[in-house]
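# Descriptive analysis of the structure
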Protein chains: 2
Amino acid sequence: MDERVREHAEVLVDWSARIEAGDDVVVAVSEGSHELAVAVGEALGDRGANYVAVYDSDEIERAYLRAHDGDFDDDPEFELALYEAADTVLRLGRGRNTAARADVSGEIRQAHRQSRTGIREARMDTDWVSTVHPTRSLAQQAGMSLAAYEAFVYDAVLRDWESLAAEMAQMKTVLDDASEVRIESGDQTIQMRVDGRTAVNSAASVAYDSHNLPSGEVFTAPYATDGEITFDVPMTIYDQQVRDATLVFEDGEVVDFTAAQGEDAIAQVVETDDGARRLGELGIGMNRGIDRVTDNILFDEKMGDTVHLALGRAYDACLPEGESGNESATHSDLIVDMSEDSRLVVDGEVIQRNGRFRWEEGFERT
Amino acid sequence: MDERVREHAEVLVDWSARIEAGDDVVVAVSEGSHELAVAVGEALGDRGANYVAVYDSDEIERAYLRAHDGDFDDDPEFELALYEAADTVLRLGRGRNTAARADVSGEIRQAHRQSRTGIREARMDTDWVSTVHPTRSLAQQAGMSLAAYEAFVYDAVLRDWESLAAEMAQMKTVLDDASEVRIESGDQTIQMRVDGRTAVNSAASVAYDSHNLPSGEVFTAPYATDGEITFDVPMTIYDQQVRDATLVFEDGEVVDFTAAQGEDAIAQVVETDDGARRLGELGIGMNRGIDRVTDNILFDEKMGDTVHLALGRAYDACLPEGESGNESATHSDLIVDMSEDSRLVVDGEVIQRNGRFRWEEGFERT
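Computed from a predicted model, the values in this text were never measured in an experiment.

## Here's the deal with the domain arrangement of chain A
All names here are of chain A. The domain architecture assigned to chain A consists of domain 1 (3–157) and domain 2 (161–357). Look at where the C-alpha atoms of domain 1 and domain 2 centre, and you get two points 23 Å apart. Listed per partner, the contact involves 37 residues of domain 1 and 31 residues of domain 2. Our count for the contact surface shared by domain 1 and domain 2 stands at three salt bridges. A salt bridge links Asp239 to Arg94, with the shortest nitrogen-to-oxygen separation between them at 3.9 Å. Between the two partners, domain 1 and domain 2, sit 20 residue pairs in polar contact (both at pLDDT 80 or more). Looking at the side of domain 1 that touches domain 2, the elements with two or more residues in it are helix H1 (3–16), helix H5 (106–115), helix H6 (117–124), strand E4 (129–132), helix H7 (136–141) and helix H8 (146–157). Of the residues contributing to the side of domain 1 that touches domain 2, the split by class is 18 nonpolar, eleven polar and eight charged.

Spelled out as structure tokens, the structure:
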């Protein structure tokens, strides 16, 4: 086994999920992540945790969904019981074909997603962590060879997370103290309120309320959004390529949208439910170890010199204790490139301009 | 997809497991059975059932068990909850290497098995069915090409089960009415009591209390075993090859054993717990569609012209309502070739001689 796979498993189990003896851990293994799952199994055995491996197969799900009439039972008890009793869920992405479910109708996906709302909530109530194993399908999606893609992934994953967490604390302080955030890109402006909300220093560990490995972003839960913005970083949503999606917000809700490509995917997102028309997340990418777009949200949204906004569900960690934020069956991220002709403005003060933060060398306020 | 895979899934879901809309089905997918799992997913979707796919990976389990100190938690709650709430468990065997766990110590295996007794019971309280997908590893174990092995498996699986069930009903009647069964092979004799027990017509369907696909045996739960017998059909137990194991019983318990090969595996079985020294099953193979030994218990024990005895756990279906039979953490089958120099004698009457039943042409009493 490639030693980097074993190191990845150890970062996941120890730094990210903080697994201890006796923990009940669901390991969700995708079709392409068997090798990482073996390394995770070894780490879990060594730490004295218990595991159930769930097979997260796109191809089985596709066959099931296409054959089903669409009248799904709500939150089947056996699946709910598994996640309700679990301490941790480790999701190891991903499959052998990123388009494996491309021929499942949007209507069926949506009905299935909605019928599993309680299961999703139960999963998110655990100390869940999502990561990816560098598969050929992800390398292909990124337009990279497998060897180059492996190097890319392990550069992003096998980091000094403690030191990155310290760097990101500065941005958390800015957002925690803020009332209004404005994103300016070209001649577009979008603004949102963040007062009363708590930013998360997403340092790839449940100890930081951070659930993705790799990570490297600071995010919060905005509201009362107004304005217009074009998401110029290409990405894949519901297996469809989306390019230059533009959203127009009024009084916190999407009132219009267009896209150069994949407008149907945006429509699917927005029409999921009422909460899907509102933002659930504002995230600032701060991981400069991730230096290229690979059409994988887990990496792309963490890139330095980007910000992202998500339609749908807000993370409870950003809300005051006991309060719930925007609710939705979806959480769909969209990314803006901030490296040129752009500013991030917090309560009237420029925090980032053309990709430089105000505490960095080369920062220019105007 | 090979049309036989789809037909296999349909026999499994409809004839064997009797799946209906709304059933909660755990599909346990081994490393080699992805294709069958996709077909099963399609059938479950069509029938309107719910599924959770569990990844039953030998390689993950090996890594976990080898890294663990052996002090396992008993029946972790999250796994127990899944099986307790499930209606059906479909186990799709098997892996890519039948020796994948060969380097896990017997002590660790045994400790792990014992710690999962409650989970095993919960799984067996569902309408469970075990089947196999014809993998390269199973073909290799059988000494066959993949194509020939596929033909072998589908010949055994894609049968007219209704008509086979009718044939087997005769043997069930003989055993249900019986007090004592004697197996004579060469100069060895072993006898056991079966009065008060009910035989199962194992027709590969939960409707017949039969949980393997393929099947084709009639079995009951014997007790008070005495005598000596050599199991001359070769097989693999705990990943070890076992040849010509001889067991000696006194007053229902194993008092001595030897084997030409794999004696250590027999020792592991016998030392599991007290119940492992007693028989849990007497089975009569009646599936003449299975006409060769392939070192796979699911097939070998169903072969016509064989009988098998299992050390360990008895199936509740053979016991009077509410009563439990022999209890054990193991259930390990051993097979005797009855085709030559052998007799099956029930209450003094010869039922089978040299492989012919008394209701068949060519049967000779002496």
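## Overview of the relation of the copies chain A and chain B
One copy of the chain maps onto the other through a rotation about an axis followed by a shift along the same axis. Superposing chain A onto chain B takes a rotation of 180° combined with a translation of 0.0 Å along the rotation axis, leaving an RMSD of 0.0 Å. Such a turn and shift between the copies fits a two-fold axis. By residue overlap, the copies meet face to face through one surface: 100% of the interface positions of chain A are interface positions in chain B.

## Some remarks on the packing of helix H4 (residues 77–85) of chain A against helix H4 (residues 77–85) of chain B
In the contact formed by H4(A) and H4(B), the axes pass within 8 Å of each other and the chain directions differ by 170°. On the basis of their axis angle, the class for H4(A) and H4(B) is roughly antiparallel. Together, A:Glu77, A:Phe78, A:Ala81, A:Leu82 and A:Ala85 of H4(A) and B:Glu77, B:Phe78, B:Ala81, B:Leu82 and B:Ala85 of H4(B) make up the contact between the two elements. Tallied by class, the residues present in the contact of H4(A) with H4(B) amount to eight nonpolar, no polar and two charged.

## Looking at the pairing of strand E15 (residues 279–285) of chain A
Residues in a regular strand point their side chains to alternate faces of the sheet. Residue and element names in this part refer to chain A. Of all the seven residues making up E15, seven are buried; the element is thus mostly covered by neighbouring parts of the structure. By the bridge criterion, four bridges tie strand E9 (residues 217–220) to E15 in an arrangement that is antiparallel. From the neighbouring strand, Thr220 faces E15, where its bridge partner is Leu282. In this structure, E15 lies alongside strand E16 (residues 306–312), joined through six bridges in antiparallel fashion.

## A few points about the interface of chain A and chain B
Taken together, the contact between chain A and chain B spans 41 residues of the former and 41 residues of the latter. Viewed at the interface, chain B and chain A are joined by zero salt bridges. Counting across the chain A and chain B interface gives 13 residue pairs in polar contact (both at pLDDT 80 or more). For the side of chain A that touches chain B, the elements supplying multiple residues, two or more each, are strand E1 (24–30), helix H2 (34–47), strand E2 (50–56), helix H3 (58–67) and H4 of chain A. Looking at which element gives the most residues to the side of chain A that touches chain B, the answer is H2(A), with eight residues. Among the residues making up the side of chain A that touches chain B, the classes are represented as 22 nonpolar, eight polar and eleven charged.

## Focus on the packing of aromatic side chains
Residues and elements named next belong to chain A. For the coordinates displayed, the defined rule picks out 13 aromatic pairs over all chains. Ring centres of Phe219 and Tyr315 lie 5.4 Å apart, and the angle between their planes is 55°; on these two criteria the pair is classed as tilted. Here Phe219 is found in strand E9, whereas its partner Tyr315 is found in the loop between E16 and strand E17 (331–337), with 96 residues between them in sequence. On the accessibility criterion, Phe219 (6% relative accessible area) is buried. The structure contains a cluster of three or more aromatic residues connected by ring pairs, namely Tyr149, Phe152 and Phe299. Sitting over the ring of Tyr83, Arg123 keeps its end group 5.7 Å from the ring centre.

## What to know about the sheet that holds E15(A)
Residue and element names in this part refer to chain A. Spatial ordering of the open sheet is given by E7-E9-E15-E16-E17, a layout of five strands whose pairing is antiparallel. Looking at which strands have only one partner, the edges of the open sheet turn out to be strand E7 (200–202) and E17. The mean angle between the axes of side-by-side strands here comes to 25°, regardless of whether they run parallel or antiparallel. For E16 and E17, the ladder comprises seven bridges, and the chain directions are antiparallel. Residue pairing across strands places Leu309 opposite Leu334, the latter belonging to E17. Here helix H9 (residues 161–176) sits on the sheet and contacts E7, E9 and E15; the angle it forms with E9, its principal contact strand, is near 25°.

## Re the environment of A:Glu42
Checked against the element boundaries, A:Glu42 lands in helix H2. The class for A:Glu42 is partly exposed, based on a relative accessible area of 28%. Taking the C-alpha atoms as reference, A:Glu42 lies 41 Å from A:Phe231; in sequence the two are 189 residues apart. When residues no more than four places from it in sequence are discounted, the contact partners of A:Glu42 are A:Arg6, B:Ala63, B:Tyr64 and B:Ala67. There is a polar contact of 3.4 Å between the side chain of A:Glu42 and the side chain of A:Arg6.

Rules behind the numbers
Residues numbered from 1 in each chain as written. Chains lettered and ligands numbered in written order. Predicted model: local features only at pLDDT ≥ 70, side-chain atom pairs only at ≥ 80, totals over all residues. Heavy atoms only, no water. Domains from an automatic or database assignment. Contact = heavy atoms within 4.5 Å. Salt bridge = Lys/Arg side-chain N within 4 Å of Asp/Glu carboxyl O. Polar contact = N/O pair within 3.5 Å; in protein donor to acceptor, adjacent residues only side chain to side chain. Helix = DSSP H or I, 4+ residues; strand = E, 2+ residues; numbered from the N terminus. Nonpolar A, V, L, I, M, F, W, Y, C, P; charged D, E, K, R; others polar. Least-squares fit on C-alpha atoms with pLDDT ≥ 70 in both. Axes fitted to C-alpha atoms, helices over the stretch in contact; angles between N-to-C directions. Parallel < 35°, antiparallel > 145°, perpendicular 65-115°, else oblique. Buried < 20%, exposed > 50% of the residue type's maximum accessible area, 1.4 Å probe, protein only. Pairing = 2+ DSSP bridges. Phe/Tyr/Trp six-rings, centres within 6.5 Å; stacked < 30°, edge-to-face > 60°. Lys NZ or Arg CZ within 6 Å of the ring centre and 35° of its normal.

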